Amino acid sequence: MSKKLGLPEPNIELQRNILAKTELNSALTTEDKTLVSGKPDSLKNGELADSPGKIWAIASLSAALLAVSLAAIFIRLSEREISPNATVFNRLWIATVVFGVWNGADAARRRMSGGQVEERSNYTLQDVMLLIAVGVVSSASVGFWAWSLSQTNVANSTVLRNLTPLFTTLGGWLLLGRRFDNRFLVGLAVALSGAIAIGIDDLQTAGDNLVGDVAALLSAMFYAGNLLISEHLRTKFPATTILMWRCFMGSILVLPLVLLAGDRVFPYSWEGWLTVIALAVVCQAFGQGLLIHSLGRFSSEFVAFFLLLEPVITAIMAWVLFSESLSLFNWFAFSVVLAGIYLGKSSGSVAKK
């Protein structure tokens, strides 16, 4: 047909080669775009893309751990001048002032920079009740712990108080219907065993330390309630709002106890003032602030689980500052706690669902 019309015979083989090359280039281009902009399954799920956020969250939680680990030391120093209840009161009212100044400065900075001021969340009756409840249970936790430190040694009080993850896990299971995988439960059991072993010598002694041990155990139960309620509130309110309510309500509740007991309300020396200010700023505002903030990333069970490292750090500080003895068995118990936390950290129950 082409010869009759006088048209050149098309090179079918050449067209096939051109078409094959075009398809190959198109496929390579698509594959290249996939390699550059596409994501494998792990990236699609946000695992690798979210890894920097997880690293910062763990770093933030570690900083909070170091800060709250100093609380037992500051409380022990403060109780040289004022009672446990007065120590709690000064800790809470000073922290309330710190959060008030922080929120005011943040609002002023937003206005000066022309940024939009964050709108206040609408408070429902349930929100108000929960905010009051978190103030009550957290104050009870701190109060029982401060009292226990006047009745038993620092290491034992901190160990019993850090049975919190056991009560937090039970509360999450019974009240919230949560489920935990075997790795998390095994890690929790291992870490709790190590934490109990740290103060096993004192637990075996009878009499004088029993009241302090019971107070520390009650502190752990109330602290578990504090974490569970705070985790629920964290879905709606920022950490500073929760802590503002917590400290303000706590200071109101503790002040009558101080006055009725006839205790000295404020320290009488500049060393005492520095101690309660450090307790409020470092432990309450900075440490607890980071802990509540981390509840937006991690579950309350894991946060309480991670805090099992606190007796390790506190016991070492007490060994250095107060010459409280640490045996070879204590150091072995420390390593058991670390192993349990490492095991639990790799669990799927760590992050919030």
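Above this text you will find the structure in question.
We now turn to the structure provided with this report. (Residues numbered from 1 in each chain as written. Predicted model: local features only at pLDDT ≥ 70, side-chain atom pairs only at ≥ 80, totals over all residues. Heavy atoms only, no water.)

Turning our eyes to something else, we now look at the packing of aromatic side chains. Applying the stated rule across the entire model yields 4 aromatic pairs. Both rings, one in Phe-89 and one in Phe-266, keep their centres 6.4 Å apart while their planes meet at 50 degrees; by these two values the pair is tilted. With Phe-89 in helix 6 (residues 84–112) and Phe-266 in the loop between helix 13 (239–261) and helix 14 (270–294), this residue pair connects regions lying 177 residues apart in the sequence. Measuring from centroid to centroid gives 6.4 Å for Trp-93 and Phe-266, while their planes differ by 85 degrees, and the two rings are edge-to-face. In this pair, Trp-93 is assigned in helix 6 and Phe-266 in the loop between helix 13 and helix 14, connecting sequence segments 173 residues apart. An aromatic cluster is defined as three or more aromatic residues linked by ring pairs; in this entry it consists of Phe-89, Trp-93, Phe-266 and Trp-273. (Phe/Tyr/Trp six-rings, centres within 6.5 Å; stacked < 30°, edge-to-face > 60°. Helix = DSSP H or I, 4+ residues; strand = E, 2+ residues; numbered from the N terminus.)

Running from N to C, helix 12 (residues 210–234) and helix 14 point in directions that differ by 55 degrees, and their axes come no closer than 9 Å. Between helix 12 and helix 14, the angle is such that the two are oblique. Residues Tyr-223, Ser-230 and Arg-234 of helix 12 form the contact with helix 14, whose participating residues are Gln-288, Leu-291, Ile-292 and His-293. Along the lines of polarity and charge, the residues of the contact of helix 12 with helix 14 split into 3 nonpolar, 3 polar and 1 charged. (Axes fitted to C-alpha atoms, helices over the stretch in contact; angles between N-to-C directions. Parallel < 35°, antiparallel > 145°, perpendicular 65-115°, else oblique. Contact = heavy atoms within 4.5 Å. Nonpolar A, V, L, I, M, F, W, Y, C, P; charged D, E, K, R; others polar.)

Let's shift gears to the side chain of Asn-226. Within the secondary structure, Asn-226 sits in helix 12. Side-chain polar atoms of Asn-226 contact the side chain of Arg-246, separated by 3.1 Å. With sequence-adjacent residues up to four places away left out, Asn-226 is seen in contact with Val-134, Val-137, Ser-138 and Arg-246. (Polar contact = N/O pair within 3.5 Å; in protein donor to acceptor, adjacent residues only side chain to side chain.)

In this section: helix 9 (residues 164–174). Among the residues making up helix 9, those that are buried are Thr-164, Pro-165, Thr-168, Thr-169, Gly-171 and Gly-172. All buried residues of helix 9 project into a common sector of 165 degrees when viewed along the axis, lining one side. (Buried < 20%, exposed > 50% of the residue type's maximum accessible area, 1.4 Å probe, protein only. Arc of directions from axis to C-beta.)

Before going further, it helps to spend a moment on the nonpolar core. In summary, soluble globular proteins display a tendency toward joint burial of nonpolar side chains. Grouped together as the largest cluster of nonpolar side chains are 72 residues, with contacts concentrated most on Leu-233, Leu-291, Phe-305, Leu-308 and Ile-341. In terms of residue count, the dominant contributor to this core is helix 14 (9 residues). Each residue touching Leu-308, except ones within four places of it in the same chain, is listed here: Asn-162, Pro-165, Ala-191, Leu-192, Ala-195, Val-337 and Ile-341. (Core = buried A, V, L, I, M, F, W, Y, C linked by side-chain atoms within 4.5 Å.)

What the rule picks out here adds up to 1 salt bridge. Between Asp-127 and Lys-236 there is a salt bridge, and its shortest N-O distance comes to 2.5 Å. Placement of Asp-127 in helix 7 (residues 125–149) and of Lys-236 in the loop between helix 12 and helix 13 is noted, with a sequence separation of 109 residues between them. Assessed through its relative accessible area of 8%, Asp-127 is described here as buried. (Salt bridge = Lys/Arg side-chain N within 4 Å of Asp/Glu carboxyl O.)

Nothing here speaks to function; it is geometry throughout.
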